Amino acid sequence: MKIVEGVTDDTLEVAKGVKVEATGLFKASKFDEAAGAFVRAAKMLSGDKDEEVSVICSCFSNAAMCYLRCKDGEAAEGAARECIIASEKGASAGFVVQASLVTKARFRRAQAAIMLAEAERGREGGDGLRVATHLDNAQRELALVLREEPTNEQALELAARGLEISKRVAVESEETAGGGNPETDVEVAAPGGTTPEKKQVSGRDLANAALGVSGGGHSGGGGSGAGAGGSR
């Protein structure tokens, strides 16, 4: 039996079996246990085969979804990040990585970042810089999701939610400083990258402006369904 860094030929089948068990735990709403099993399955594999990369990515993405159900934003963000890293390593090695799988991981990472931003904002003595960093991370991932799936309604709604949080943070800062009409006025970059101008905008308008997405044509469900709840 061939052994590579402690991984045997049948390790892939064992990992796939653990993944099946994890899926069963997820269906039974045992999300914490399911997350642990998905991560365990992913870590069994070295990623030196095409199918291994797919299993690793799928398991880490599913673990992120489980952690989100557990309201553990930090663990969800980490698991989604591991999926993205594994996909990038696999692609650089010439392996084919399913685009929709990575898109789901990016969406889940954005969900986790929004969750972390909201938690930090609600914490007594919360760090505004950390809130901004989490929101920036979410916006970056959602921009990549929408590049693949421009009509993904869930991604657009999440982007709007994140930018509404940014708006509320700005409101609080403005109120503390005692200036402007922050309830409705938000700085939005004018066309051509000129000096920002203040105008009244909705959360969806903010999302579209920040992500460079056209305001129309987003009524349908999006592509592979980055926010779908089921594991795979």
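Refer to the structure printed above.
Residues numbered from 1 in each chain as written. Predicted model: local features only at pLDDT ≥ 70, side-chain atom pairs only at ≥ 80, totals over all residues. Heavy atoms only, no water.

What follows concerns helix α3 (residues 50-69). Taking 1.5 Å of rise per residue, 20 residues should cover 28 Å, and α3 covers 29 Å from first to last C-alpha, within 8% of that figure. Most of α3 is tucked away, with 16 of its 20 residues classed as buried. (Helix = DSSP H or I, 4+ residues; strand = E, 2+ residues; numbered from the N terminus. Expected span 1.5 Å × (residues − 1). Buried < 20%, exposed > 50% of the residue type's maximum accessible area, 1.4 Å probe, protein only.)

Considering the arrangement of structural elements, one finds Glu149 in the loop between α6 (128-148) and α7 (153-177). For the buried residue Glu149, which engages in no salt bridge, the nearest side chain bearing the opposite charge is Lys104, 8.4 Å off. (Lys, Arg positive; Asp, Glu negative; His and termini not counted. Salt bridge = Lys/Arg side-chain N within 4 Å of Asp/Glu carboxyl O.)

Further remarks concern a negative patch on the surface. A surface patch of negative charge is lined by Asp32, Glu33, Asp72 and Glu74. On the secondary structure map, Asp32 appears in helix α2 (residues 31-43). (Patch = residues over 30% accessible without salt bridge, like charges linked within 9 Å, V, L, I, M, F, W, Y side chains within 5 Å. Areas by Shrake-Rupley, 256 points an atom, 1.4 Å probe, with all protein chains shown as cover. Charge placed at Lys NZ, Arg CZ, Asp CG, Glu CD.)

Time to look at the pattern of salt bridges. Overall, the coordinates contain 10 salt bridges when judged by the stated rule. A salt bridge links Glu51 to Lys16; the shortest N-O distance between them is 2.8 Å. One end of the pair, Glu51, is in helix α3; the other, Lys16, is in helix α1 (residues 11-27), and 35 residues separate them in sequence. On the basis of relative accessibility, which here comes to 28%, the residue Lys16 falls in the partly exposed class. For Arg161, the salt bridge goes to Glu118, with nearest N and O atoms at 2.8 Å. Taken together, the positions of Arg161 in helix α7 and Glu118 in helix α5 (residues 99-122) put the pair 43 residues apart, joining distant regions of the chain. Looking at Glu118, the relative accessible area reads 32%, which means it is partly exposed. A network of salt bridges, in which partner residues are shared, links Glu77, Arg81, Glu88, Arg106, Arg109 and Glu141.

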